[in-house]
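# Observations on the model geometry
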Amino acid sequence: MSQKTVFLRKEDAEKGRRWFLVDAEGHILGRLASRVASVLHGKHKAIFTPHVDGGDHVIVINAQGVVLTGRKLKDKVYYRHSGYPSGIRATSAEEMMKTHPERVIEIAVRGMLPKNSLGRAMLRKLKVYRGGDHPHEAQRPEPLDL
């Protein structure tokens with residue numbers, strides 16, 4: 001007598017989604033990103049299914065207060081390419097934190113999600129804001145402990 005494996009259905013996953021609020025002030029970037037990626041993927045749920053987007057929405061506030069350890073602020077470099085010959089551009093982490101601190105968190109979380117259409121769908125549930133205000137009060141987000 002064998003047990004039947006129970007998978008999460010897409011319809012059930014969409015019904016059971018919750019909203020979480022994370023204050024990034026004083027948290028280390030990698031540790032914050034791995035916890036957020038885990039919640040976006042749905043690994044914190046008992047009915048986790050790898051091929052279904054069963055994760056929850058995550059709102060990250062105070063992105064400018066995230067901490068990079070060691071010499072990463074000076075040494076870490078973010079690259080992007082325009083697609084044209086010699087179109088590569090480099091930005092240091094220090095400059096990125098001054099201009100677009102929310103992108104630092106988005107890039108870190110994106111690297112921890114699946115590299116396919118499922119991962120892109122999970123990333124759409126991530127909302128990152130530079131300051132302490134966010135327009136998602138109507139969703140009644142719950143605080144997420146890190």
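Described in the following lines is the structure provided in the data block. Just so you know, these numbers come straight off a predicted model, no measurement behind them. (Residues numbered from 1 in each chain as written. Predicted model: local features only at pLDDT ≥ 70, side-chain atom pairs only at ≥ 80, totals over all residues. Heavy atoms only, no water.)

### Some words on the pattern of salt bridges
Considering all chains together, one arrives at 10 salt bridges under this definition. Note that Glu11 is salt-bridged to Arg9, the shortest N-O span being 3.2 Å. According to the relative accessible area criterion, Glu11 is partly exposed, its value standing at 45%. Measuring nitrogen to oxygen at the nearest pair gives 3.9 Å for the salt bridge that ties Glu102 to Arg130. Pair noted here: Glu102 is in helix 5 (residues 101-110) and Arg130 is in the loop between strand 5 (126-128) and strand 6 (142-143), with a separation of 28 residues, a long-range link. Judged by relative accessible area, Glu102 falls into the buried class, the value being 17%. Residues joined in a network through salt bridges with shared partners are Arg9, Glu11, Asp12 and Lys15. (Salt bridge = Lys/Arg side-chain N within 4 Å of Asp/Glu carboxyl O. Buried < 20%, exposed > 50% of the residue type's maximum accessible area, 1.4 Å probe, protein only. Helix = DSSP H or I, 4+ residues; strand = E, 2+ residues; numbered from the N terminus.)

### Section: the layout of surface pockets
Here the largest pocket defines a volume of roughly 200 Å³. In terms of lining, the largest pocket is formed by Tyr78, Tyr79, Arg80, Ala90, Thr91, Glu95, Met96, Thr99, His100, Arg103, Ile107 and Arg110. Looking at the lining of the largest pocket, the elements that each hand over two or more residues are strand 3 (77-81), strand 4 (88-92), helix 4 (93-99) and helix 5. Tallied by class, the residues present in the lining of the largest pocket amount to 5 nonpolar, 3 polar and 4 charged. (1 Å grid on protein atoms, 1.4 Å probe; cavity = no way out; pocket = protein on both sides within 12 Å on 5 of 7 lines; lining within 4 Å. Points joined across faces, edges and corners; volume = space filled by probe spheres on them. Nonpolar A, V, L, I, M, F, W, Y, C, P; charged D, E, K, R; others polar.)

### Observations concerning the sheet that holds strand 1 (residues 19-23)
The strand order across the open sheet built from 4 strands is 5-2-1-6, with neighbouring strands paired in parallel fashion. Each of the sheet's edge strands pairs with one partner strand only, and the pair in question is strand 5 and strand 6. Sheet analysis places strand 1 next to strand 2 (residues 57-61), joined by 5 bridges and oriented parallel. Along strand 2, the bridge assignment pairs Trp19 with His57. Packing against the sheet, helix 2 (residues 29-41) makes contact with strand 1, strand 2 and strand 5, and its axis sits at approximately 155° to strand 2. Across the sheet, helix 5 touches strand 2 and strand 5, and the angle it forms with strand 5 is around 155°. (Pairing = 2+ DSSP bridges. Contact = heavy atoms within 4.5 Å. Axes fitted to C-alpha atoms, helices over the stretch in contact; angles between N-to-C directions.)

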